[in-house]
Each structure stands twice: as structure tokens, then as C-alpha cells.
Amino acid sequence: MVKVVGVRFMTAGKIYYFDPCDNEFSVGDMVIVETARGVECGKVVLANREVPDEEVVSPLKSVIRKATEDDLKHVQENKEKEKEAFAICLEKIKKHGLDMKLIDCEYTFDNNKILFYFTADGRVDFRELVKDLASVFRTRIELRQIGVRDEAKMMGSIGACGRTLCCSTHLAEFHPVSIKMAKEQSLSLNPAKISGTCGRLMCCLKFEHETYEHLLKKAPKEGATVQTPDGLGEVVQVNLLKEFVKIKLDDEQGSDIKEYTFDDVKVVKETDKADDGVDGGLDEIELEELKELEELEELRELED
């Protein structure tokens, strides 16, 4: 086991472990730490604790000290300087005629480096831009290309649900999302309705996926023949979350539809109906957009 303290550098950002060096830290403390990109100021989100060795990336860097008033003042000064640096970089990008969109700018705590985050459709040759920026700021310059999901996380926005984006409030890491998840949750497969602000599949499709997978194993499929307490019938509707099905019973008086719980029915014969796939009710344009969404998700997973 290793003693660590968990530090985060941005809202909903990834939590990094550091060696507390025999000091005790509380959640909410601001600390100065040594990172791979230089000295940084972050917030403690996990107080001192022990974690298994395999959860720690070696070598474990140390917490230098708890942030002082002067440190916090310096952080605020850096934020003001970032606004100016952002404006200058925008001007330089325009001057060099580069096809890129500047998203954010960040100074390291020790001012040894300025990071500029941008998005672009392809590769961008920004070597001359870096030289130009270095001559202005007289420090190390790093330009980092990010994806559209990271852009949404940094900039923030309001989702289709009317709430602030999950990625910019509490989602520390992005997880793989698929069209299959939307289908299993009986959502409309219209690309516009299952895409987030970033244009990719909504991250929230992942939240309840395990629950739906569990319920799908218990639920009979629509069209299946099942044995009920009232005889044989055909499943005409399934409500996964309430765990009940509507069954069409055939008897001498005609057809009757009744509701049963999953536990009340037993599958006698699986449905002969073919799976509708993901194209039911979609026009050619929507199908093309859906295919593009799937390809983008597969590409992102490969890059990760």
C-alpha cells in the first residue's frame, strides 16, 4: 500500500495521486505540486489515504507545500495573463492563416510554460506559430490539439436536458459510448436526438447501461411466445424499467391483453421476427449521420 493524496487541477478533471510527504491534507486544501509539465497549483479532492501499489503511476511525485496566500494571488494573476495570451495567440493564428480553432490558454504555476489548446479537422503545421509566440512571451510554448469532447468539457454548455454538461461538472473521464446503448434503452435513433453538444453520442447513454443490460437478460423479447398464469400468449410490449410485459392472450372469446411481471412469465418460444437493426424509421440522411457517429466513436476508442 502507498500513502497518497488526490489532487485535481480543473473542475471535473482527472484526479492525480501525489506523495503527501508526511503532511496531512484535507479536502478543499490548495496545494503546490510537482507534475510532469512543471510546478502546478491544484485542489485536494481526496484526503490522505492508502491505495494499492498498482493504482499508483511510478515515480510518485510529491506535494511541495500547502498553497499560501501569495501562491493563490499568483494563480489569480496567471488567470489574468491567460486572457491576454489568448488574444495574442488568436491574432497570431490569423496572421499565419492556420485552419485551427483556439479553445483555451493556460500558464503553469511557475510560468515556465504556456499551453494553448486548439481543435482542427486535421493535422496543423504550427511550427512557425510556436516560434512567433515564443518570441513574444519569452517562455516555453506548447500547442496541444484536443478533440471535440474535450472542447465541450473545457468551454462548458447546456445539454438537451437543460442542465450543465456532465463532462464539465462531474464526469472526470470519457467512456466508450455506442449506438447499441441507445437502442437497448429504446431511445430514438435519430442522430440529432442522441448526440450531445459536442456532436458525438451523449455520454449519459453510458450511465444506465449496466442496468439495462441486466434487465434485458430477464426480459422476454417482443413477439416471443410465453407461458403465463392465464395460458399461452405473445409479448406485444416490454417495459424494462418497471419490469412488466404486455401479453396478448388468445382464447375462445378472442384476444385479450394483460400485464404481467417478468417473473410471472416463462418463454416457450423465442420470436421469429428479425431484428430491426438501427435503421427503423430513419431516412437516408439520418442513416448516413448515424453511420458517421458510429465511425467517429470507433475512431475515438482507437485513439484512446
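For the structure itself, consult the block above.
Residues numbered from 1 in each chain as written. Predicted model: local features only at pLDDT ≥ 70, side-chain atom pairs only at ≥ 80, totals over all residues. Heavy atoms only, no water.

Draft legend 1. Just the overall build of the protein chain, in detail. Looking only at helices and strands, one finds seven helices and 13 strands in the protein chain. In terms of overall dimensions, the protein chain is more spread out than a globule: its C-alpha atoms have a radius of gyration of 27 Å, far above the 19 Å expected for 304 residues. With the principal axes as the frame, the protein chain shows a C-alpha extent of 90 × 50 × 30 Å. Taking all 304 residues of the protein chain together, the buried fraction comes to 35%. Within the protein chain, contacts between residues at least 6 apart in sequence are counted, and of these 58% link residues at least 24 apart. Of the roughly 18900 Å² that the protein chain leaves accessible, carbon and sulfur atoms contribute 48%. Measuring between centres, the 44 positive side-chain charges of the protein chain sit 5 Å from its 63 negative side-chain charges. (Helix = DSSP H or I, 4+ residues; strand = E, 2+ residues; numbered from the N terminus. Rg over C-alpha atoms; globule rule 2.2 N^0.38 Å. Buried < 20%, exposed > 50% of the residue type's maximum accessible area, 1.4 Å probe, protein only. Contact = heavy atoms within 4.5 Å. Areas by Shrake-Rupley, 256 points an atom, 1.4 Å probe, with all protein chains shown as cover. Lys, Arg positive; Asp, Glu negative; His and termini not counted. Charge placed at Lys NZ, Arg CZ, Asp CG, Glu CD.)

Draft legend 2. Spatial organisation of the environment of lysine 269. Note that lysine 269 resides in strand 13 (residues 266–269). It is 23 Å that separates the C-alpha atoms of lysine 269 and lysine 183, two residues lying 86 residues apart in sequence. Leaving out residues up to four positions away in the same chain, lysine 269 has contacts with Ala224 and Thr225.

Draft legend 3. The sheet that holds strand 4 (residues 38–51), seen in detail. Here we have five strands laid out as an open sheet, ordered 2-1-4-3-5, and antiparallel in their pairing. Every other strand in the sheet has two partners, leaving strand 2 (15–18) and strand 5 (63–66) as the edge strands with one partner each. Direction aside, neighbouring strands of the sheet carry axes that sit 45 degrees apart on average. (Pairing = 2+ DSSP bridges. Axes fitted to C-alpha atoms, helices over the stretch in contact; angles between N-to-C directions.)

Draft legend 4. Focus on the packing of helix 1 (residues 69–96) against helix 2 (residues 127–137). Between helix 1 and helix 2, the shortest axis-to-axis distance is 10 Å and the interhelical angle comes to 140 degrees. One way to sum up the angle between helix 1 and helix 2 is to call them oblique. Considering how the two elements wind past one another, helix 1 and helix 2 form a crossing that is right-handed. Seen from helix 1, the contacting residues are Ala85, Ile88, Cys89, Lys92, Ile93, Lys95 and His96; seen from helix 2, they are Glu128, Leu129, Asp132, Leu133, Val136 and Phe137. Taken together, the residues that form the contact of helix 1 with helix 2 break down as eight nonpolar, one polar and four charged. (Parallel < 35°, antiparallel > 145°, perpendicular 65-115°, else oblique. Left-handed = near helix turned anticlockwise from the far one by under 90°. Nonpolar A, V, L, I, M, F, W, Y, C, P; charged D, E, K, R; others polar.)

Draft legend 5. Broad picture of unusual backbone geometry. A cis amide bond links serine 58 to the next residue, proline 59, at an omega of -5 degrees. One can find proline 59 in the loop between strand 4 and strand 5. Phi at aspartate 22 takes a positive value of approximately 65 degrees, unusual for a residue other than glycine. Relative to the assigned elements, aspartate 22 resides in the loop between strand 2 and strand 3 (30–35). Not every positive phi belongs to a glycine, and serine 186 is a case in point at roughly 60 degrees. Inspection of the secondary structure puts serine 186 in the loop between helix 4 (179–184) and helix 5 (191–194).

Draft legend 6. Region of the structure containing the nonpolar core. Met100, Ile114, Phe116, Leu133, Phe137, Ile141 and Leu143 are the most contacted members of the largest nonpolar core, which has 16 residues in total. Every residue in contact with isoleucine 114, bar those within four places of it in the chain, is listed here: Cys105, Glu106, Tyr107, Phe137, Thr139, Arg140, Ile141 and Glu142. If you look at the next biggest cluster of nonpolar residues, it comprises 13 residues, including Tyr212, Val226, Leu240 and Val245. (Core = buried A, V, L, I, M, F, W, Y, C linked by side-chain atoms within 4.5 Å.)

Draft legend 7. Molecular detail of the pattern of salt bridges. Across all of its chains, the model carries 16 salt bridges by this definition. The salt bridge partner of arginine 65 is aspartate 71, with a shortest N-O separation of 2.9 Å. We classify arginine 65 as partly exposed; its relative accessible area is 35%. The class for aspartate 71 is buried, based on a relative accessible area of 7%. For glutamate 184, the salt bridge identified is with lysine 180, shortest N-O distance 3.8 Å. Taken as a pair, glutamate 184 and lysine 180 lie in helix 4 at a separation of four residues, close to a single helical turn. The exposed category is assigned to lysine 180, whose relative accessible area is 53%. Ionic contacts of the salt-bridge type, sharing partners, join the residues Arg37, Glu40 and Glu106 into one network. (Salt bridge = Lys/Arg side-chain N within 4 Å of Asp/Glu carboxyl O.)

Draft legend 8. A look at the sheet that holds strand 6 (residues 101–107). In space, the three strands of this open sheet follow the order 6-7-8, with mixed pairing throughout. Only two strands of the sheet have a single neighbouring strand rather than two, namely strand 6 and strand 8 (140–145). Taken pair by pair, the neighbouring strands of this sheet meet at an average axis angle of 20 degrees, ignoring direction. Both strand 6 and strand 7 (residues 113–119) contribute to a ladder of six bridges, which runs antiparallel. Opposite lysine 101, over in strand 7, you have threonine 119 as the bridge partner.

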